[in-house]
Amino acid sequence: MSQTIEKIQRKSGTIRLVVIAITALVIVFNIYQLVINNQINYFDNALFTILWTSDQVNQWVLLLASAPILLFVVAAIYWVCKLLSLFEKGMFFSHQCFRCFINFIFLKIASTVYYIALTLGVGFWHKAIFGDAEVVLTIDFDELITLGLLAIVAYLLKAAKEIEDENKEFI
């Protein structure tokens, strides 16, 4: 086995552990913010914050409405860690890697759609309670570029696996 592949495998394991540690820290921080400071930091929306601090809205409903954002993040981290685990085993172009990439991409798309829907929903909710609302809907161009690049990488993984399979047939 080449030194480059061994190096990639070692780094994949290290990166996976770093991702898990950072994810744990972020989750603990968000729990701390919720329990101690009564704040939600993972959904940055001014109208949501106004609703959260209002006595006219049940915070549990807002918490349940915003919780899928965290679930999307945790699920995406799971697929990234699974992919890095496969890389650590030297399985760079397997169908499992492709599936991890595709699942990650779909989660990112679903997360973006849910974030937009929640932003609109909070705007309508705010308007219904307070009579006015200025909904600011931001679509991050960098996020769209990243999703496009991830789709290209997934395609390249699939193509590399097909080439590898064809090469094995000739041998």
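Residues numbered from 1 in each chain as written. Predicted model: local features only at pLDDT ≥ 70, side-chain atom pairs only at ≥ 80, totals over all residues. Heavy atoms only, no water.

If you look the protein chain up in an unreviewed UniProt entry, it shows as DUF2975 domain-containing protein from Pseudoalteromonas luteoviolacea S4054.

Colleague: So what exactly am I meant to see when it comes to the packing of helix α4 (residues 95-130) against helix α5 (residues 141-170) here?
Modeller: To describe two helices that pack against each other, one gives the angle between their axes and the distance between the axes. It is the contact of α4 with α5, at a shortest axis distance of 9 Å, that shows an interaxial angle of 165°. The angle between α4 and α5 places the two elements in the roughly antiparallel class. As α4 packs across α5, the resulting crossing turns out to be left-handed. Of α5, the residues touching α4 (which contributes H95, C97, F98, F101, I102, F104, I105, K108, I109 and T112) are E143, L147, L150, A151, V153, A154, L157, K158, K161 and D165. (Axes fitted to C-alpha atoms, helices over the stretch in contact; angles between N-to-C directions. Helix = DSSP H or I, 4+ residues; strand = E, 2+ residues; numbered from the N terminus. Parallel < 35°, antiparallel > 145°, perpendicular 65-115°, else oblique. Left-handed = near helix turned anticlockwise from the far one by under 90°. Contact = heavy atoms within 4.5 Å.)

Colleague: Teacher, can you tell me more about the pattern of salt bridges here?
Modeller: Close approach of charged atoms lets side chains of opposite charge pair. Considering all chains together, one arrives at two salt bridges under this definition. Measuring nitrogen to oxygen at the nearest pair gives 2.9 Å for the salt bridge that ties R16 to E88. Pair noted here: R16 is in helix α1 (residues 3-35) and E88 is in helix α3 (residues 59-88), with a separation of 72 residues, a long-range link. The partly exposed category is assigned to E88, whose relative accessible area is 31%. Here E143 ties to K108 by a salt bridge, and the two come within 3.3 Å at their closest N and O atoms. Taken together, the residues E143 in helix α5 and K108 in helix α4 connect sequence positions 35 residues apart. (Salt bridge = Lys/Arg side-chain N within 4 Å of Asp/Glu carboxyl O. Buried < 20%, exposed > 50% of the residue type's maximum accessible area, 1.4 Å probe, protein only.)

Colleague: Would you mind going over the nonpolar core with me for this structure?
Modeller: For soluble globular proteins, the rule of thumb is that nonpolar side chains tend to be buried together. Core analysis: the largest hydrophobic core is formed by 17 residues, its most contacted members being L83, F87, C97 and F101. Elements that contribute at least two residues to this core include exactly α3, α4 and α5. The leading source of residues in this core is α3, at seven residues. Ignoring anything within four residues of it in the chain, the contact list for C97 reads L83, L86, F87, M91, F92 and L157. V57, L62, L63 and I69 belong to the second-largest nonpolar core, a separate cluster that totals 13 residues. (Core = buried A, V, L, I, M, F, W, Y, C linked by side-chain atoms within 4.5 Å.)

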